[in-house]
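Take a look at the letters that make up each chain.
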Amino acid sequence: MATPTVAILGLVLLTGALAGPFQRQQNAQLYDEVRQLLSLAQGYQANVQNDEPLEQVSDKPDIPKAVKNWPKKALKLGQVSGVSVNSAFQPVIFHRADRVFDQYTFNSTNHFQQLHLGPIAEPTVLTLDPQTGQVLGQWGENFFFMPHGLTIDRHDNLWVTDVALHQAFKFKPGELSPVLTFGQRLTPGSGKNHLCMPTSIAVASEGEVFIADGYCNSRILKYNAAGVLLRVIPSPPEFLSLQVPHGLALIESLDRLCVADRENMRVTCPRAGLYSMKGKSEPALTIQQPDMGRVFGVAAKGKLIYAVNGPTNQLLPVQGLTIDPQAEAVIDHWAPEEGFGNPHAIAVCPNGSALYVAEIGPNRIWKFELVPPKKK
């Protein structure tokens, strides 16, 4: 038997379904929020019936240990700007082949200056063997101009951003043409229908999409699964100043979207607004400390965040960071024995066994095993 909450929410959704098409369009955001509340209420009821706690994820930080001699054979890569992991636990990387992002790539109005080169002729999306690091599959040639972020959702849809195109795309598994496109091709802008050098994407389990829009606009756009804009972060009265949101990671159990706020040299985690319309006025969780440097990438495991910084100044080490957002604290630092050069992105395997770090100088991909701490 349904709980009163579930019954009421179901009635609201039914009422919306009976409305006319114009009214449904006007109320799209409300129904999206209600649907998420219904999903949360059903999950809560299931846990109550099973007499199980809502959250069973261990928060003890695993220690990243670099896997030596991985990949077993060197890969020919350009700047590796993005990395994610699919449901088969295979890392997928996004690289720029012979294209280089430098101070000459864009002009003062953020227009791409290398159009004469055309799209990158080589495959830019590579799927790797998690054991050997060798290429299992590749695609993405003759489409992208300047790859940046890559995210794979729970259904193995692939989401990417291209800073030269000023666009973000969704590709279904095995398809070479996008099913969703955000932004206007080669046209930077700050309006609701434009992006300007977007950097990263996070996708919630219920389908909500967050795009970090990125180098120029320093904002985050939240869409529903159909690509309808729901929210701009930050929006009044929300007080949150971002300077190049470069990476995104969702902690759904906390309803937090964690942002690698690069030029503010911090990680900040505002409310994602996934399950409730309440709490949007709560301040962001903010993690910042003197040795943090410019944070380029973030990835979530349970209620923890793994992050990587990049070159900032000679006094600050380039390293990985393990972060407890609720405590607003960095709880560990890590790096391979050889050291990092210029990390750009990070991803955690869905089963929590490994994480991967992509670098744009030297151009390479690292694999780290996540090892539980030794019991004392």
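Let me begin by describing the structure that accompanies this report. (Residues numbered from 1 in each chain as written. Predicted model: local features only at pLDDT ≥ 70, side-chain atom pairs only at ≥ 80, totals over all residues. Heavy atoms only, no water.)

1. As for the nonpolar core
Phase 1: One finds Val125, Phe144, Leu150, Leu158, Val160 and Phe171 to be the most contacted residues of the largest nonpolar core, which totals 21 residues.
Phase 2: Those residues within four positions of Phe171 in sequence are excluded, and the remaining contacts are Trp139, Phe143, Phe144, Asn157, Leu158, Val160, Leu176, Ser177 and Pro178.
Phase 3: Counting residues in each nonpolar core, the second largest holds 17 residues, with Ile251, Val267, Cys269 and Leu321 among its members. (Core = buried A, V, L, I, M, F, W, Y, C linked by side-chain atoms within 4.5 Å. Buried < 20%, exposed > 50% of the residue type's maximum accessible area, 1.4 Å probe, protein only. Contact = heavy atoms within 4.5 Å.)

2. Topic: the pairing of strand E22 (residues 343-348)
Phase 1: The element E22 is extensively covered by neighbouring structure, given that six of its six residues are classed as buried.
Phase 2: Here E22 folds back onto strand E23 (residues 354-360), and the loop between the two strands holds five residues, one of which, Gly352, carries a positive phi near 75 degrees. (Helix = DSSP H or I, 4+ residues; strand = E, 2+ residues; numbered from the N terminus. Pairing = 2+ DSSP bridges.)

3. What about the environment of Ile305?
Phase 1: Secondary-structure assignment places Ile305 in strand E19 (residues 304-310).
Phase 2: Relative accessible area serves as the criterion here: at 0%, Ile305 is assigned to the buried category.

4. Here's the deal with the sheet that holds strand E12 (residues 219-223)
Phase 1: If you walk across this open sheet you meet the four strands as E10-E11-E12-E13, and the pairing is antiparallel. Pairing within the sheet leaves two strands with one partner each, and these edge strands are strand E10 (198-203) and strand E13 (229-233). Within this sheet the neighbouring strands show an average axis-to-axis angle of 20 degrees, counted without direction.
Phase 2: Bridging between E12 and E13 involves four bridges; their strand directions are antiparallel. Opposite Tyr223, over in E13, you have Leu229 as the bridge partner. (Axes fitted to C-alpha atoms, helices over the stretch in contact; angles between N-to-C directions.)

5. Quick word on the sheet that holds strand E14 (residues 245-251)
Phase 1: Pairing is antiparallel in the open sheet, where four strands are placed in the order E14-E15-E16-E17. The open sheet has two edge strands, E14 and strand E17 (285-287), and neither has a second partner. For this sheet the average axis-to-axis angle between neighbouring strands, irrespective of direction, equals 20 degrees.
Phase 2: Across three bridges, the pairing between strand E16 (residues 266-269) and E17 is antiparallel. Counterpart to Thr268 in the pairing with E17 is Thr286.

6. Details of the state of the cysteines
Phase 1: With the rule as written, the count across this model stands at two disulfides.
Phase 2: Linked covalently through their sulfurs, Cys258 and Cys269 form a disulfide whose S-S length is 2.2 Å. Taking the torsion about the S-S bond as the criterion, the Cys258 to Cys269 disulfide, at about 105 degrees, is right-handed. You can see Cys258 sitting in strand E15 (residues 256-261) and its partner Cys269 sitting in strand E16, a full eleven residues away along the chain. Accessibility assignment for this pair places Cys258 and Cys269 in one class, buried. (Disulfide = S-S within 2.5 Å.)

7. A word on the packing of aromatic side chains
Phase 1: All chains considered together, the criterion is met by 21 aromatic pairs.
Phase 2: Ring geometry for Trp70 against Tyr356: centres 5.6 Å apart, planes inclined by 50 degrees, an arrangement best described as tilted. Of this pair, Trp70 sits in the loop between strand E1 (63-66) and strand E2 (80-85) while Tyr356 sits in strand E23; the two residues are 286 residues apart in sequence, bridging distant segments of the chain. Residue Trp70 shares its accessibility class with Tyr356, and that shared class is buried.
Phase 3: When the ring of Trp366 is compared with that of Phe368, the centres are 6.3 Å apart and the planes differ by 35 degrees; the resulting orientation is tilted. Assigned by exposure class, Trp366 and Phe368 land together as buried.
Phase 4: Counting every residue linked through ring pairs, the aromatic cluster contains Phe94, Trp139, Phe143, Phe144, Phe169 and Phe171. (Phe/Tyr/Trp six-rings, centres within 6.5 Å; stacked < 30°, edge-to-face > 60°.)

Nothing here speaks to function; it is geometry throughout.
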